[in-house]
Amino acid sequence: MSTKKVLILNQEQIAKKITRIAYQLVEDNFEETAIVLVGIADRGYVFAQRLKTELERISSFEITLIKVTLDKTSSTLRAETDIPIEQAKDKVVVLVDDVLNSGRTLAYGIGVFFDVPLKKMRTAVLIDRSHHKFPIFSDFSGLKLSTILKEHVTVQLREHDGGEDAAWLI
């Protein structure tokens, strides 16, 4: 891995990306009265909390926020949620994470809802790296970034990591 660290999004840019994604969610769901944001622990959940705050400012949605914790190293789906997933029944669900790389994490996140009838499922990520190994894509992304496999994207969010928000290519 390279030791060179390149800033790809600063705090102001991240805030603007969140606002833009929130407006896109409103446009995509303009006939809805309620949506469910599902944040993948840890940074995906922080991102989902911020989207919720922005959506509350610009829309009249009733918003349910669910935190899902996945065992990303397991070959089978192992997940825990902070509230019952049945609360998403017959609603629009937006699965939220910080970085989409191979698609494994989002695939596992989608799998949590296989037994729950939904109106529709969407995905939102801050950065989409375009190295998908799974047939997963982002419906809403702050930044689509073509990288080489050796490079790594790191997102720092103050609520989880302290300091200022930033996204780095390493």
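Residues numbered from 1 in each chain as written. Predicted model: local features only at pLDDT ≥ 70, side-chain atom pairs only at ≥ 80, totals over all residues. Heavy atoms only, no water.

Draft legend 1. Highlighting the overall build of the protein. In terms of regular secondary structure, the protein is built from four helices and nine strands. Tracing the protein from N to C terminus, the helices and strands come up as β-α-β-α-β-β-β-α-β-β-β-α-β. What you see for the protein is a C-alpha radius of gyration of 15 Å, in line with the 15 Å of a compact globule of 170 residues. Expressed as a percentage of its 170 residues, the buried residues of the protein come to 46%. Sequence separation of 24 or more characterises 68% of the internal contacts of the protein that already satisfy a separation of 6 or more. Accessible surface for the protein amounts to roughly 9,000 Å². Of this, 49% is attributable to carbon and sulfur atoms. With 23 positive and 24 negative side-chain charges, the protein shows a separation of 6 Å between the mean positions of the two kinds. (Helix = DSSP H or I, 4+ residues; strand = E, 2+ residues; numbered from the N terminus. Rg over C-alpha atoms; globule rule 2.2 N^0.38 Å. Buried < 20%, exposed > 50% of the residue type's maximum accessible area, 1.4 Å probe, protein only. Contact = heavy atoms within 4.5 Å. Areas by Shrake-Rupley, 256 points an atom, 1.4 Å probe, with all protein chains shown as cover. Lys, Arg positive; Asp, Glu negative; His and termini not counted. Charge placed at Lys NZ, Arg CZ, Asp CG, Glu CD.)

Draft legend 2. View of the pairing of strand 3 (residues 62–70). Taken together, the seven bridges between strand 2 (residues 34–40) and strand 3 define a ladder with parallel strand orientation. What sits directly across from Gly39, in strand 3, is Lys67. Regarding the hand of the β-α-β motif, the stretch spanning strand 2, helix 2 (residues 43–58) and strand 3 is right-handed. One ladder, built from three bridges, connects strand 3 with strand 4 (residues 79–81); its direction is antiparallel. Its bridge partner being in strand 4, Thr69 is matched across the sheet by Glu80. (Pairing = 2+ DSSP bridges. Right-handed = clockwise from strand over helix to strand, strands pointing away.)

Draft legend 3. Quick peek at the pattern of salt bridges. Under the definition given, this model contains 12 salt bridges. Among the ionic pairs, Glu12 bridges to Lys16, the shortest N-O distance being 3.1 Å. Separated by four residues within a single helix, Glu12 and Lys16 lie in helix 1 (residues 11–28), roughly one turn from each other. Between Lys119 and Glu32 there is a salt bridge whose closest N-O contact spans 2.9 Å. On the criterion of sequence distance, the pair formed by Lys119 in the loop between helix 3 (104–111) and strand 6 (120–128) and Glu32 in the loop between helix 1 and strand 2 is long-range, its members being 87 residues apart. Counted as one network, the salt bridges with shared partners bring together Arg50, Arg158, Glu159 and Asp165. (Salt bridge = Lys/Arg side-chain N within 4 Å of Asp/Glu carboxyl O.)

Draft legend 4. How the structure looks around the nonpolar core. Leu37, Leu51, Leu55, Val96, Ile127, Val153 and Val155 are the most contacted members of the largest nonpolar core, which totals 32 residues. One finds Ala88, Leu100, Phe113 and Ile136 within the second-largest nonpolar core, a separate group that totals 18 residues. (Core = buried A, V, L, I, M, F, W, Y, C linked by side-chain atoms within 4.5 Å.)

Draft legend 5. Up close: the packing of aromatic side chains. Overall, the coordinates contain zero aromatic pairs when judged by the stated rule. In this arrangement the basic side chain of Lys5 is found over the ring face of Trp168, its NZ or CZ atom lying 4.6 Å from the centre. (Phe/Tyr/Trp six-rings, centres within 6.5 Å; stacked < 30°, edge-to-face > 60°. Lys NZ or Arg CZ within 6 Å of the ring centre and 35° of its normal.)

Draft legend 6. The arrangement of helix 3 in detail. Those residues of helix 3 that sit buried are Thr105, Leu106, Tyr108, Gly109 and Gly111. Against the buried residues of helix 3 lie strand 2, strand 3, strand 5 (92–100) and strand 6.

Draft legend 7. Main features of the packing of helix 1 against helix 2. It is the contact of helix 1 with helix 2, at a shortest axis distance of 9 Å, that shows an interaxial angle of 60°. One finds that helix 1 runs oblique with respect to helix 2. Here the hand of the crossing between helix 1 and helix 2 comes out right-handed. Listed contacts from helix 2 to Ile14, Ile18, Thr19, Ile21, Ala22, Tyr23, Leu25 and Val26 of helix 1 are Phe47, Arg50, Leu51, Glu54, Leu55, Arg57 and Ile58. Residues that form the contact of helix 1 with helix 2 fall into these classes: 11 nonpolar, one polar and three charged. (Axes fitted to C-alpha atoms, helices over the stretch in contact; angles between N-to-C directions. Parallel < 35°, antiparallel > 145°, perpendicular 65-115°, else oblique. Left-handed = near helix turned anticlockwise from the far one by under 90°. Nonpolar A, V, L, I, M, F, W, Y, C, P; charged D, E, K, R; others polar.)

By themselves, these figures tell us nothing about what the structure is for.
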